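An overview of the molecular structure
Given next are the chains, with one letter for each unit.
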Amino acid sequence: MRVFPSLLPKRIGSGRSGPPGMPGGRKPALLWFRNDLRLHDHEPLAAACAGATSLLPVYIFDPREYGKSPNGFDKTGPYRAKFILEALGDLRDRLRAAGSDLLVRIGKPEEVLPELARSIGAGSVYCHEEVLPELARSIGAGAVYCHGEVTAEDAKVEGAVSKALDKAGAALKVSWGGTLFHMDDLPFQLASMPPNYSDFRQALRGRGVREPVEAPAQLKGLPAASVCPGELPTLQQLGFDAATLSRCAGDKDAAGAHLRGGESEALRRLSEFVSKFTAQQQQKGVAAGMQWLLFELLWRDFFRFITKKYTVTGVAQRLGSSPGINPMGFKLMRSGIKQASKETILTPRFYTTDFEEMAELVNPANIPQQQQEELEAYLREMKTDYNQRHFVRNEKFKEAAEKLSGPTRKIFVEFLERSCTAEFSGFLLFKELARRLRDVNPTVAEIFQMMSRDEARHAGFINKAMSDFNLALDLGFLTKNRTYTFFKPKYILYTVYLSEKIGYWRYITIYRNLQRNPECQFYPLFEYFEAWCQDECRHGDFLAALLKSKPELLQGPIAKLWTRFFCLTVYITMYLNDHQRSAFYEALGLNTTQFCRHVIIETNNTSKRIFPEVPTVDSPVFWDLMDKMVSVNNQMAAIDNGTSSTPALLQPLAKLALMERLGSLVLRVMLMTPIEAGSYDFENPAELVY
């Protein structure tokens, strides 16, 4: 694609008819618009109006931002280009209404701005900050005013502009913008900014936001020197061919295709949004829409600040040039294949066991006839395969993925990875159990085979969903390289039973919430959760039947100790894990703490039907201890990720103390009086006495 085929020769079209600048004191200034095509809340505009005799607003189409990237993608796509042109047209109209105008030029800013500055005698060029370390120094005798951006590419352009202006006797004056919270109002130095969103949001909790800068009703006049405003280019002049534009014109469902650029349209949509959710708040007493808006704005802040942090240290340049990093920041094994997340105590585990001992445990000779018949009934149920045709994708998946953007896109991919890993872990375990038990108990082996079928179906469906985001997991690599945790057979039965039941309650709770709040359902995968979770329920019921076939696993003080222990292990792991990823649940319109408590309570109620003892999760003391564990875990995470305020020399001791604190909290929960539970089978109905 040839960029700007007809306009490149006309990069600078200025002429002069008056004196360049003013004698002594203040001088004319340039206002360099970049990604801030508005008059409201525009700090460089306010600074330029206060510090210059006259003002020349300018926007520059940089050819380097168009055309194809080395990977063959459009640097600026046709929809974004159209949006920019619309926004510039609106900006020009608003500037003219305020007594000014918008100069439009094509070329490299480091060449265009110095030439314009010389032509009008400007001492200043104002802009918003694009995150470049050397821009903090004082250069020259005036300034070019602009807003800054945060990418390494933008920073490189700013560096070239600042040097060129220095030679021309002007200076670049950069303001921070584009975030809800101003850089100067952060409660931490940028170098010590929390590297994860949860800690970042917690650090900003309760802090106020600056009042926006009002749009001036009247702007400083244009410089005396006569400069041709220039015309806005067409999409064809920006290098888009007729076939591309025709295809885009007919694609009304593409992400953002319906949006129109410009401050006027933005203000209209904002007013409409506020009116809608103000009415909703008055009717329902909630402000879900406002909370969602704040959530998205904080995510935007997080990514802009974290990008600036690593651009300043030079890390962004290294990451940006690495073929092992995708646009969302995920490490890649190879093109399109995501590197698995680091294993921790809270990540999904791969299990193995003593298969000979398991074979002895399920030997029909050791199972009462009544329980064996129950197992055969479960086999018939599993063979029915109710969800055989349930996991069928449609065109909505890819469309939804294309529309999903920003922070929600990334946290959803992280959710898909964790879910896929957990489901695939179940597939591997059940498949191996089916193979090892085939000659001992064909009924149990075939049920495990059916369970592996379900888990493989789930994992494949999720991995296919990841491909909508141009990513996938190498499940074969995971099989060979993941660490396997060894559990004795009875521990496997306890743990997997709880995993299946808690999985059921997680899925069904998310599904029901989205049925009540369809506006929070941003991807069609969630529509499948109702039937999906029935697989989890059936798996759990089979494992309960297997446990009941071995009375020693459910009777006596040792069984009570182990069932209570594994309940707490699963509950605590979920509670800590989910609170580290609360952004995902908030994106679904859920309160993380309420979600976790509901799931744990319901799982505990389900487990009462089979386990002889379960934790007392309906006690306020239990939840107070669980919340204290979350606090301690967050402090440990802060040490691990380098955001702790504890001196580095003392961090190992601090972490040891926190680990001891966490252990003591777990022990206190373990020592709480449990709930006596369990099920009883009666061969003679007359034994039931009420």
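These numbers were taken from a predicted model, which means no experiment stands behind them.

A word on the pairing of strand S3 (residues 103–106)
Residues Leu 103 and Arg 105 point to one face of S3 and Val 104 and Ile 106 to the other, with burial holding for every one of them. Relative to S3, strand S2 (residues 55–61) is paired through four bridges, and the arrangement is parallel. Considered in S3, the bridge of Ile 60 is made with Arg 105.

Things to note about empty space enclosed by the protein
As enumerated under the stated definition, the model contains two cavities of 30 Å³ or more in all. A volume near 40 Å³ is recorded for the largest cavity. Taken together, Glu 381, Met 382, Asp 385, Tyr 386, Asn 387, Arg 453, Asp 454, Asp 535 and Arg 538 make up the full set of residues lining the largest cavity. One number sums up the size of the second largest cavity: a volume of about 40 Å³. Together, Met 358, Leu 429, Phe 430, Leu 433, Phe 448, Ile 492, Leu 493, Val 496 and Leu 543 line the second largest cavity. Of all the elements in the fold, those that place two or more residues in the lining of the second largest cavity are helix H13 (406–437) and helix H16 (489–516). Partitioned by chemical class, the residues of the lining of the second largest cavity number nine nonpolar, no polar and no charged.

What to know about helix H2 (residues 78–97)
Taking 1.5 Å as the rise per residue, H2 with 20 residues should run 28 Å; its terminal C-alpha atoms sit 29 Å apart, in good agreement. Listed as buried for H2 are Pro 78, Ala 81, Ile 84, Leu 85, Glu 86, Ala 87, Leu 88, Asp 90, Leu 91, Arg 92 and Leu 95.

Topic: unusual backbone geometry
Look at Asp 41: it is not a glycine, yet its phi comes out positive at around 50°. Position of Asp 41 among the secondary structure elements: in the loop between strand S1 (29–33) and helix H1 (43–51). Here Asp 41 falls in the partly exposed class, since its relative accessible area comes to 35%. In this model, Asn 470 sits at a positive phi of 65°, which is unusual for a non-glycine residue. With respect to the helices and strands, the residue Asn 470 is situated in the loop between helix H14 (442–467) and helix H15 (475–481).

Thoughts on the nonpolar core
Ranked by internal contacts, the top residues of the largest apolar core, which has 140 residues, are Phe 412, Phe 448, Tyr 523, Leu 525, Phe 526 and Phe 611. With 15 residues, the single largest contributor to this core is H16. Excluding residues within four positions of it along the chain, Phe 611 makes contact with Tyr 494, Tyr 497, Leu 498, Leu 547, Leu 554, Thr 563, Cys 567, Ala 677 and Gly 678. Listed in part, the 30 residues of the second largest apolar core include Leu 31, Leu 45, Tyr 59 and Phe 61.

Some points on the confidence of the model for the protein chain
A residue-level look at the protein chain finds 85% of positions with pLDDT of 70 or above and a mean pLDDT of 83. Contacts of residues 1–25 to residues separated by more than four positions or lying in other chains number 62 contacts, the stretch itself having pLDDT below 50. Long-range and interchain partners of residues 313–323, a stretch whose pLDDT sits below 50, account for eight contacts in this model, where long-range means more than four residues apart.

Some details on the pattern of salt bridges
Taken as a whole, this structure holds 32 salt bridges when the rule is applied. Linking Arg 94 and Glu 263 is a salt bridge whose minimum nitrogen-to-oxygen distance equals 3.0 Å. With Arg 94 in helix H2 and Glu 263 in helix H7 (residues 263–284), the pair connects residues that are 169 residues apart, well separated along the chain. The exposure class assigned to Glu 263 is buried, which follows from its relative accessible area of 6%. For Arg 457, the salt bridge identified is with Asp 454, shortest N-O distance 3.9 Å. Of the two residues, Arg 457 and Asp 454 both sit in helix H14, three residues apart, roughly one turn of that helix.

Observations concerning a nonpolar patch on the surface
Judged by side-chain polarity, Leu 649, Leu 650, Leu 653 and Leu 656 come together as a nonpolar surface patch covering roughly 450 Å² of accessible area. Note that Leu 650 resides in the loop between helix H21 (620–640) and helix H22 (651–670).

Quick notes on the rules
- Residues numbered from 1 in each chain as written.
- Predicted model: local features only at pLDDT ≥ 70, side-chain atom pairs only at ≥ 80, totals over all residues.
- Heavy atoms only, no water.
- Buried < 20%, exposed > 50% of the residue type's maximum accessible area, 1.4 Å probe, protein only.
- Helix = DSSP H or I, 4+ residues; strand = E, 2+ residues; numbered from the N terminus.
- Pairing = 2+ DSSP bridges.
- 1 Å grid on protein atoms, 1.4 Å probe; cavity = no way out; pocket = protein on both sides within 12 Å on 5 of 7 lines; lining within 4 Å.
- Points joined across faces, edges and corners; volume = space filled by probe spheres on them.
- Nonpolar A, V, L, I, M, F, W, Y, C, P; charged D, E, K, R; others polar.
- Expected span 1.5 Å × (residues − 1).
- Core = buried A, V, L, I, M, F, W, Y, C linked by side-chain atoms within 4.5 Å.
- Contact = heavy atoms within 4.5 Å.
- pLDDT = per-residue confidence, 0-100.
- Salt bridge = Lys/Arg side-chain N within 4 Å of Asp/Glu carboxyl O.
- Patch = residues over 30% accessible without salt bridge, like charges linked within 9 Å, V, L, I, M, F, W, Y side chains within 5 Å.
- Areas by Shrake-Rupley, 256 points an atom, 1.4 Å probe, with all protein chains shown as cover.

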